[in-house]
Amino acid sequence: IRDYGCEYQVPVYYIAGDSDYSVAQSRVEEFYQTVSAPDKEFVYMKNVGHSMFVDDPDGFCSTVKSLLKSGGEK
């Protein structure tokens, strides 16, 4: 992913499950810290794994809607 660069001209939002054992979260967090964007946010969903949209579809949709609605303004 680093081959694509770390600077974005659009908002960047990452959503991860706190029980995701498919992806090393420390690596994702490390990469996230290098991202430059007009707005960025990293959200952990509780009690879901790699397929958070399957594990908790309502929670996933709510999270996405919240990010889009707020535009990152928290």
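Preceding block: the structure.
This report concerns the structure included in the present document. Remember, predicted model here, so these are calculated numbers, not experimental data. (Residues numbered from 1 in each chain as written. Predicted model: local features only at pLDDT ≥ 70, side-chain atom pairs only at ≥ 80, totals over all residues. Heavy atoms only, no water.)

One non-glycine residue, asparagine 47, lies in positive phi territory at about 60°. Residue classification places asparagine 47 among the exposed positions, given a relative accessible area of 69%. (Buried < 20%, exposed > 50% of the residue type's maximum accessible area, 1.4 Å probe, protein only.)

Bringing helix H1 (residues 25–34) into the picture now. Of all the residues in H1, the buried ones are Gln25, Phe31 and Tyr32. In an axial view of H1, the angular spread of the buried residues amounts to 125°, which keeps them on one side of the axis. More than 90 degrees from the buried face of H1, the exposed residues found are Ser26, Arg27 and Gln33. (Helix = DSSP H or I, 4+ residues; strand = E, 2+ residues; numbered from the N terminus. Arc of directions from axis to C-beta.)

Its location among the elements puts tyrosine 32 in helix H1. Separated by 16 residues in sequence, tyrosine 32 and valine 48 place their C-alpha atoms 20 Å apart. Ignoring any residue separated from it by four or fewer positions in sequence, one finds tyrosine 32 in contact with Tyr14, Lys40, Glu41 and Phe42. (Contact = heavy atoms within 4.5 Å.)

Moving on: the environment of valine 35. Looking at where valine 35 falls in the secondary structure, it is placed in the loop between H1 and strand S2 (40–45). Along the sequence, valine 35 and cysteine 6 sit 29 residues apart, while their C-alpha atoms lie 4.7 Å from each other. Setting aside residues no more than four positions away along its own chain, valine 35 makes contact with Cys6, Tyr8, Val12, Tyr14 and Lys40.

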